Amino acid sequence: MKTFQIAVTGIGILSALGQNKKETFENMKQNQTGIDNIQSFDASKFISNIGAEIKGYEPSDHFSPEEQTSFDRCSQYAILSIQEALGEAKLAQENIETIGLAFGTCNGGLNSLEQQNGLSNLDSQLTKNYPFFQQGDSVAKHFHFNGPVMTLNTACAASGNAIGFACDMLQHGYADAMIAGGSDSMSSSVYAGFNALKALNDKPCSPYNHRYGLSLGEGSAFLVLEPLEKALGREAKIYSVINGYGLSSDAYHETAPEPEGKGILHAVQMAVAQGGVENERIEYINTHGTGTKANDPAELKGLQSFFGDGFKDINVSSSKAYFGHNLGAAAAIEYATTLLALEHGLLPATIHFEKAREGCETAKLVTNEMRAETPDYFLCNNSAFGGHNASILSKNVFHSPQTPIFDSNSETTKQSDVVICGFGTVHALANKSGSILSSFTTHSSPKTKLEFSLKEYNKALYERRMNPLTQYSIGACDLAIKNSLQDKEWSEDIGLVYGTSRGSLKSAEKYLGSILDRGIDNASGVYFPDMVLNSTAGKIAKKFRIKGFSSSHSSGGTDGLHAMLYGTLTIKDGKQKTVLVGAGDEASDLSTEIDRALHLTESTYETTEGSTFLTLADKEIAVQQGLDVYAKVKGFGMSFNSEDNLYQTIQNSISRCLYDANLTVSDVDFIFYHNNNVSDTDEFIRLKSELGGIPISTLNDTFGYMESNGSLYHTQAAVELLALTEEEQQEITRSLGWTNGQLKTGLILTTSINGNCMAMAISK
Amino acid sequence: MKTLNDIKEIIKVNILIERLELEDIEADEIEDDEPLFGDGLGLDSVEALDVVSGVEAEFGILLQVLEEEEIRQHFYSVATLSAFVEEQLKETVNS
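Residues numbered from 1 in each chain as written. Chains lettered and ligands numbered in written order. Predicted model: local features only at pLDDT ≥ 70, side-chain atom pairs only at ≥ 80, totals over all residues. Heavy atoms only, no water.

A. Region of the structure containing the overall build of chain B. Across its full length, chain B carries 4 helices and 0 strands. The N-to-C order of helical and strand elements in chain B reads α-α-α-α. Based on the C-alpha atoms only, the size of chain B along its principal axes is roughly 40 × 25 × 20 Å. Out of the 95 residues belonging to chain B, those deemed buried represent 42%. For chain B, the exposed surface amounts to about 5100 Å²; the carbon and sulfur share of it is 47%. (Helix = DSSP H or I, 4+ residues; strand = E, 2+ residues; numbered from the N terminus. Buried < 20%, exposed > 50% of the residue type's maximum accessible area, 1.4 Å probe, protein only. Areas by Shrake-Rupley, 256 points an atom, 1.4 Å probe, with all protein chains shown as cover.)

Set out below in structure tokens:
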């Protein structure tokens, strides 16, 4: 494994301080803030009526009327900043075959529902843009990206998470270049939620200052990322080199940070350990610093406990006084503008600062004016609702005196083998212990109505108002833990990767319904925290005290396999020894409205709900701890259908997967595929006929269609099957019409509604 | 004019049971002196804010100016909260 060194070779920004990076940086240098009176909706009923909106933005300056219909504000902002970043990076087509996108967002397509003032009889054109994978997919399609495309939904840490995920894609050779960042547009219902939580400041925010409160903002920033040697090889302009990143979960509270900052501490520890950099060389930290009473001192405490005495010499600032809190775009805007400042030998400041608040006095804050410094290494940190944290460690290439940016000591370290040692599913056709195989032979007709109450399953795991998605997911997670770790000593230091395309729309109905019923100034504070899609992952982490690497994502169909991918890489890279990976779906009226808008109601599959979790572990640890090893994870392949040739896209995923797994087609004994049967039917029929020798089946016609969880459900079926003896396998596979002998290696294939494809190989 | 008992009933039914969707509990099972937070009903900080909003919405009084300490004091139990609301409503009438 090469040393982790990813170069930033392009930056694009659209912020409240400017419609490009030059304008944004010039205004930062002038100590300007983008926070002003809210223009996009009537904010007069709130405790604050200011926010950092993009100034003078006219969609028609950039997009045709048709484009304005297909791209919501969030997508538009992203497209403009990606254009700027790509224009600068000038990626040459001949070296770059595969470009992917990692898209961070907190609000996703929420504007599309807000505009409709209701939750039923929705307009399909608008509603189509609601699901949280839609912005990333639309943007990927617009730029013809063909590599891994993923939306990270870890709320206010989403774009930091996206940058980290993109680095992993490059490090493991899944893409030649990645575009990573985040975008969020101003949302009246999100503003109403922060108002209900009394988190808003009536003056422009100034983190660490004695006046509490945050200011909301909007904007977008994206980076072009490439492996450092490639960037050096083509003599690209390099802004920084990313050496490591860490993710963690507080497992503490849905909105408030762990008061001692332990969550952010874990993320920093992970980032610095991956980079292998001595603490003394880290000389600047761009903090999350929202300005709320709870966030600021907790974050500083966490950092203080990591750096000890040395912390007082490290420059620290939060950029939120310039840009407000840009939620899913926050990390990317703050990271990108830190690079612009460093290029000029400066550090971003926290402006409007008067005097430090209690608990924030000892930090070496950069206040009111940019400070001339050239740190060696620096951290950019973000934290989120749901308890997710992200920390990115980077080398400042403008450091003076110049130190080498290329670590020539790029020795090969061993990568861990990853095994699957537990599973559990909550679904209409799963049995009590979470197995799904037993129903293969007993059910030939679909049974899709799920009746599962977490309260009845285990009251201790339940909390009031817990939405069905979270109940199913906690149930499945518990089953997977029982099936693998059981009551063996397992520490809090395990990872959790979770995929959900829509989150809990029942909670969204409650929250948005409270605004429709009671008015925007009386929004439901108790349902607002569930509006972020990572809230389910956050609740799972809290229930099981899982504090390690933690991420949540959406893709509209490949979510489950993506969780497998990200969990596997986390173990391979030595960040965790054990990772729980899961996905889940929940049925609701609003969800059916969205199905209609996406044409999923035209599928012959019945839509269903449920959740699956698998336990992944480092093989050595699994053996050491005496865990059952059901199967090995062999490899992955990702491809996005940007050229409207879905068959080719599926083929690309398969061939990339086989290459990654070091297998050939003849090694594959069976294929399970999870498809939606609307946009991809012909492709799978063709695939079946061309792979005539290999049995290929979907379970969706019997078990129903689960957008997020289907691919993981199929994975569990394959895992259960692989663990059996040949005779036992045949008893099961007869019901699928398969006639082959011992099954040793299987592929799981999955497509999303927008043509995002993934393949994964697993072996006995 | 709402009596103290009316106020208590509104707090229990409209705010605690309906707005917060407290399950497995009926209004008459909530003791007037039982603490709303911690050991009693076990409400958390986010729910506390929703109770504040609920009181504002149900009784038309503005509480945004309250300091945290005052909230802690007045929102201790249904009894303290209803007494506080009654006081506030009287002030509204008098002024």
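B. Representation of the nonpolar core within the structure. With 172 residues, the main nonpolar core has A:Leu225, A:Met564 and B:Leu16 as its most contacted residues. With 8 residues, the single largest contributor to this core is helix H13 (residues 330-343) of chain A. Every residue in contact with A:Met564, bar those within four places of it in the chain, is listed here: A:Ile420, A:Val581, A:Leu614, A:Leu616, A:Val633, A:Phe636, A:Leu712, A:Thr715 and A:Met760. If you look at the next biggest cluster of nonpolar residues, it comprises 31 residues, including A:Ala251, A:Leu469, A:Leu479 and A:Tyr498. (Core = buried A, V, L, I, M, F, W, Y, C linked by side-chain atoms within 4.5 Å. Contact = heavy atoms within 4.5 Å.)

C. Structural context of the interface of chain B and chain A. With 20 residues of chain B at the contact, the number on the chain A side is 22 residues. When chain B packs against chain A, close to 1700 Å² is buried across both sides, 40% of that on carbon and sulfur atoms. Viewed at the interface, chain A and chain B are joined by 5 salt bridges. The shortest N-O distance in the salt bridge between B:Glu21 and A:Lys510 comes to 2.9 Å. Taken together, chain B and chain A are joined by 13 residue pairs in polar contact (both at pLDDT 80 or more). (Buried area = accessible area lost by both parts, 1.4 Å probe. Salt bridge = Lys/Arg side-chain N within 4 Å of Asp/Glu carboxyl O. Polar contact = N/O pair within 3.5 Å; in protein donor to acceptor, adjacent residues only side chain to side chain.)

D. Quick peek at the pairing of strand S4 (residues 99-104) of chain A. Residues and elements named next belong to chain A. With 6 of 6 residues buried, S4 lies mostly within the body of the structure. Residues of S4 alternate between two faces, with Ile99, Leu101 and Phe103 on one and Gly100, Ala102 and Gly104 on the opposite face, all of them buried. Bridging between S4 and strand S6 (residues 177-184) involves 6 bridges; their strand directions are parallel. What sits directly across from Leu101, in S6, is Ile179. For S4 and strand S5 (residues 149-152), the ladder comprises 4 bridges, and the chain directions are parallel. The partner of Leu101 across the bridge, within S5, is Val149. (Pairing = 2+ DSSP bridges.)

E. Inspection of the side chain of A:Asn381 at higher detail. All names here are of chain A. One can find Asn381 in strand S14 (residues 377-383). For Asn381, a relative accessible area of 0% corresponds to the buried category. Of note is the side chain of Asn381, whose polar atom sits 2.7 Å from the side chain of Ser391. Leaving out residues up to four positions away in the same chain, Asn381 has contacts with Ile264, Val268, Ile285, Asn286, Thr287, His288, Glu299, Leu303, Ala390, Ser391 and Ile392.

F. Representation of the packing of aromatic side chains within the structure. All names here are of chain A. This structure, assessed with the given rule, holds 30 aromatic pairs over all chains. Ring centres 5.0 Å apart and planes at 55 degrees place the aromatic pair Phe423 and Tyr630 in the tilted group. Of the two residues, Phe423 is situated in strand S16 (residues 418-426) and Tyr630 in the loop between helix H21 (619-624) and strand S21 (631-640); the sequence distance between them amounts to 207 residues. Residue Phe423 is classed as buried on the basis of its relative accessible area, which comes to 7%. Relative to Phe528, the ring of Tyr511 lies with its centre 5.3 Å away and its plane at 40 degrees, an arrangement referred to as tilted. Separated by 17 residues along the polypeptide, Tyr511 in helix H17 (residues 505-518) and Phe528 in the loop between H17 and helix H18 (535-544) bring together distant segments of the chain. On the basis of relative accessible area, Phe528 is assigned to the buried category, the value being 4%. Feature note: the residues Phe165, Tyr245, Phe549 and Tyr566 constitute an aromatic cluster, connected by ring pairs. Its guanidinium or amino end placed over the ring of Tyr245, Lys575 lies 3.5 Å from that ring's centre, counting from NZ or CZ. Here Arg686 stacks its cationic end above the ring of Tyr647, 3.7 Å away from the centre of that ring. (Phe/Tyr/Trp six-rings, centres within 6.5 Å; stacked < 30°, edge-to-face > 60°. Lys NZ or Arg CZ within 6 Å of the ring centre and 35° of its normal.)

G. Up close: helix H25 (residues 710-722) of chain A. Counted at 1.5 Å a residue, the expected span for H25(A) with its 13 residues is 18 Å, and the 18 Å between its end C-alpha atoms agrees. Across the 13 residues that make up H25(A), a large majority, 13, are buried. (Expected span 1.5 Å × (residues − 1).)

H. The arrangement of the pattern of salt bridges in detail. A full pass over the atoms with the stated rule returns 33 salt bridges over all chains. The partner of A:Lys539 in a salt bridge is A:Glu254, and the shortest N-O contact between them spans 3.9 Å. Separated by 285 residues along the polypeptide, A:Lys539 in helix H18 and A:Glu254 in the loop between strand S8 (240-249) and helix H10 (262-275) bring together distant segments of the chain. Relative accessible area serves as the criterion here: at 15%, A:Lys539 is assigned to the buried category. Residues B:Glu47 and A:Arg465 are paired through a salt bridge, measuring 2.6 Å at the closest nitrogen-oxygen approach. Placement of the pair is B:Glu47 in helix H2 (residues 45-59) and A:Arg465 in the loop between helix H15 (454-457) and helix H16 (468-484), with the two residues belonging to separate chains.

I. Quick peek at a negative patch on the surface. A contiguous patch of negative charge on the surface is contributed by B:Asp6, B:Glu9, B:Glu26, B:Asp28 and B:Glu29. Its location among the elements puts B:Asp6 in helix H1 (residues 4-19). (Patch = residues over 30% accessible without salt bridge, like charges linked within 9 Å, V, L, I, M, F, W, Y side chains within 5 Å. Lys, Arg positive; Asp, Glu negative; His and termini not counted. Charge placed at Lys NZ, Arg CZ, Asp CG, Glu CD.)

J. View of the pairing of S5(A). All names here are of chain A. Alternating positions in S5 separate into two faces, Val149 and Thr151 on one and Met150 and Leu152 on the other, with burial throughout. Bridging between S5 and strand S18 (residues 550-554) involves 2 bridges; their strand directions are antiparallel. Across the sheet, residue Thr151 finds its bridge partner in S18, namely Ser554.

K. Inspection of the packing of helix H7 (residues 158-171) of chain A against H13(A) at higher detail. All names here are of chain A. Packing of H7 against H13 leaves a shortest axis separation of 5 Å and a crossing angle of 70 degrees. Between H7 and H13, the crossing angle belongs to the class labelled roughly perpendicular. Between H7, through Ser159, Gly160 and Ile163, and H13, the contact on the second element is made entirely by Ala330, Ala331 and Ala332. Each residue belonging to the contact of H7 with H13 can be placed in one class, and the counts come to 4 nonpolar, 2 polar and no charged. (Axes fitted to C-alpha atoms, helices over the stretch in contact; angles between N-to-C directions. Parallel < 35°, antiparallel > 145°, perpendicular 65-115°, else oblique. Nonpolar A, V, L, I, M, F, W, Y, C, P; charged D, E, K, R; others polar.)

L. How the structure looks around the confidence of the model for chain B. Residues and elements named next belong to chain B. Overall, the predicted model of chain B reaches an average pLDDT of 88, with 96% of residues at or above 70. Mean pLDDT values for the elements of chain B range from 84 in helix H3 (residues 68-74) up to 94 in H1. At the level of chain-chain contacts, confidence expressed as ipTM amounts to 0.85, with global pTM at 0.96. (pLDDT = per-residue confidence, 0-100.)

M. Representation of the environment of A:Asn645 within the structure. Along the chain, A:Asn645 falls in the loop between S21 and helix H22 (646-661). As for A:Asn645 and A:Ala476, which are separated by 169 residues in sequence, their C-alpha atoms are 36 Å apart.

N. Representation of the environment of A:Glu509. Residues and elements named next belong to chain A. By the secondary structure assignment, Glu509 is in helix H17. Sequence separation between Glu509 and Gly136 is 373 residues; the distance between their C-alpha atoms is 23 Å. For Glu509, the contacting residues outside a window of four places in its chain are Leu119, Ser588, Asp589 and Leu590. Among the polar contacts listed, one links the side chain of Glu509 to the backbone nitrogen of Leu590, at a separation of 2.7 Å.

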